[in-house]
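An overview of the molecular structure
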Amino acid sequence: LWTPANIVDDAIAKVREQVGDRKVLLGLSGGVDSSVVAALLHKAIGDQLTCVFVDHGLLRLHEGDQVMRMFADNMGVKVIRVDAEKRFLDLLKGESDPEAKRKIIGRTFIEVFDEESTKLEGIDFLAQGTIYPDVIESAAVKGGKATMIKSHHNVGGLPEDMKMELVEPLRELFKDEVRKLGVELGLPHDMVYRHPFPGPGLGVRILGEVTKEYADLLRQADHIFIEELRKAGWYEKTSQAFAVFLPVKSVGVVGDARRYAWVVSLRAVETIDFMTARWAHLPYELLETVSGRIINEIEGISRVVYDVSSKPPATIEWE
Ligand code: XMP
């Protein structure tokens, strides 16, 4: 019988059989798939699992801390957090082409991950959150839909010098099954039902050149948007929602003073397969609340717009 509990038991048995008493490394991104793998492997093999969490500085507000709190503090999973913000931002300096930015972020991500993993001794396996759609769509373009580690390994296989066998306990599952597994394993509902987040993160949501100033402003705006969506019960009615940083300045007034500051766009879509998508018809009152909060609470932002483009021809992300 296919119940989440049975799938968990079955997956645990398979992992134990494959791994025995040897050690496994997992690239934890904070996304649903790698998080479910972490929870599953922790249950199956405990301390034989080590996770490496690369923080590229392009994550959402408090995301890195949340990942550490949930996995390391609450669950007792061994997680090595690598704070690589400066390294990524230095490499991104001066680059404004979307694909070039993706390449820099993807390549650096793999480099950092490889550096960390070679510091660890006696690892025999590399675990990945590959799910069934990744298997069929492994030729996906634009960096793949999964984490960088995943897309990297999915398309090209393991790097030459990484002589590790793969552990992919979600390989036969669809996303909704992975989510049920996550709930069964005790992960919080909000975590398991999160919108997808691209591997390059805010790197492709800051149009053009990426800077720390822009990333910090965008993180705050995005946080307000998501918080209000959740409050209004709209988060789970949309498939993906986020803020985009536009590097243009617009005039505003605050009290008696003129303000000349940045613009953000809100983006929210409804979709089944992410190949086509309709812009979400969010209530005006909700948009009003979000825009009011963003402009009043974030000094560096003077204007908020809402993206009413559907896919195709517009893509979901702006880059
Ligand atoms: P687009 O913008 O192509 O997005 O309509 C479709 C879905 O793919 C995600 N996306 C990415 N995910 N690396 C990723 O891991 C990427 O470079 C990337 N680009 C787009 C996007 O968030 C949406 O869910």
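Residues numbered from 1 in each chain as written. Predicted model: local features only at pLDDT ≥ 70, side-chain atom pairs only at ≥ 80, totals over all residues.

**Some remarks on the pairing of strand 6 (residues 240–254)**
Every regular strand shows the same layout, with side chains that alternate between the two sheet faces. Of the pairings in the sheet, the one linking strand 6 to strand 7 (residues 257–270) comprises 13 bridges and is antiparallel in character. For Gly252, the partnering residue across the bridge sits in strand 7 and is Arg259. (Pairing = 2+ DSSP bridges. Helix = DSSP H or I, 4+ residues; strand = E, 2+ residues; numbered from the N terminus.)

**Observations regarding helix 1 (residues 4–19)**
The first and last C-alpha atoms of helix 1 sit 22 Å apart over 16 residues, in line with the 22 Å expected at 1.5 Å per residue. Considering only its buried residues, helix 1 is in contact with strand 1 (23–27), helix 2 (32–45), strand 4 (123–127), strand 5 (165–167) and helix 8 (175–184). The positive-phi residue at the C-terminal boundary of helix 1 is Gly20, with phi of around 60 degrees. (Expected span 1.5 Å × (residues − 1). Contact = placed C-beta atoms within 7 Å.)

**Quick word on the environment of Val54**
By secondary structure assignment, the location of Val54 is in strand 2 (residues 49–55). A residue is classified by how many C-beta atoms lie within 10 Å of it, and Val54, with 28 of them, is buried. Sequence separation between Val54 and Ile80 is 26 residues; the distance between their C-alpha atoms is 8.3 Å. Those residues in contact with Val54 that lie beyond four places of it in its chain are Val82, Ala84, Phe109, Val112 and Phe113. (Buried ≥ 20, exposed ≤ 12 C-beta atoms within 10 Å, placed from the backbone.)

**A few points about the UniProt feature "binding site: ATP" (unreviewed entry) in the protein chain**
In the numbering used here, UniProt assigns the "binding site: ATP" (unreviewed entry) feature to Ser29, Gly30, Gly31, Val32, Asp33, Ser34 and Ser35. Residue position: Gly31 is located in the loop between strand 1 and helix 2. Given 20 C-beta atoms within a 10 Å radius, Gly31 is considered buried. Among the structural elements, Asp33 can be located in helix 2. Overall, Asp33 belongs to the buried group, with 23 C-beta atoms counted inside 10 Å. (UniProt positions renumbered as here; feature names shortened; annotations may be inferred.)

**As for the sheet that holds strand 4**
With parallel pairing, the 5 strands of this open sheet are ordered in space as 3-2-1-4-5. On the outer flanks of this sheet lie strand 3 (78–83) and strand 5, each paired with one strand and no other. Strand-to-strand twist of the sheet, defined as the mean angle between neighbouring strand axes without regard to direction, takes the value 30 degrees. In the sheet, strand 1 pairs with strand 4 via 4 bridges, with the strands oriented parallel. In the strand pairing of strand 4, Leu26 is matched with Ala127. Across the face of the sheet, helix 2 comes into contact with strand 1, strand 2 and strand 4 while running at roughly 165 degrees to strand 1. (Axes fitted to C-alpha atoms, helices over the stretch in contact; angles between N-to-C directions.)

**Details of the environment of Lys180**
By secondary structure assignment, the location of Lys180 is in helix 8. By C-beta crowding, Lys180 is classed as buried, having 20 other C-beta atoms within 10 Å. When the C-alpha positions of Lys180 and Ala5 are compared, they lie 9.2 Å apart, and in sequence the two are 175 residues distant.

**Observations concerning the nonpolar core**
Membership of the largest hydrophobic core comes to 79 residues, with the highest contact counts inside it found for Leu41 and Val264. Counting only domains with at least three residues in this core, you end up with domain 1 (4–192) and domain 2 (205–306). Other than its neighbours up to four places away in sequence, Val264 contacts Leu218, Ala221, Ala243, Val244, Phe245, Leu246, Ile294, Ile301 and Val304. (Core = buried A, V, L, I, M, F, W, Y, C linked by C-beta atoms within 7 Å. Domains from an automatic or database assignment.)

**Section: unusual backbone geometry**
One can expect most non-glycine residues to show negative phi and most peptide bonds to be in trans. Residue Lys311 is joined to Pro312 through a cis peptide bond whose omega torsion reads -10 degrees. Its place among the elements puts Pro312 in the segment after strand 9 (301–306). Of the consecutive residues Pro312 and Pro313, the connecting peptide bond is found in the cis state with omega at 5 degrees. Relative to the elements of secondary structure, Pro313 occurs in the segment after strand 9. Positioned with a positive phi, His62 is a non-glycine residue whose angle comes to about 65 degrees. Considering the arrangement of structural elements, one finds His62 in the loop between strand 2 and helix 3 (63–74).

**Some thoughts on the confidence of the model for the protein chain**
For the protein chain, the mean per-residue pLDDT works out to 92, and 92% of the residues sit at or above 70. Confidence drops under a pLDDT of 50 for residues 150–158, and excluding neighbours within four residues, the segment shows 21 contacts in the predicted structure. Here the complex is predicted with pTM 0.91, and the ipTM for its interfaces comes to 0.99. (pLDDT = per-residue confidence, 0-100.)

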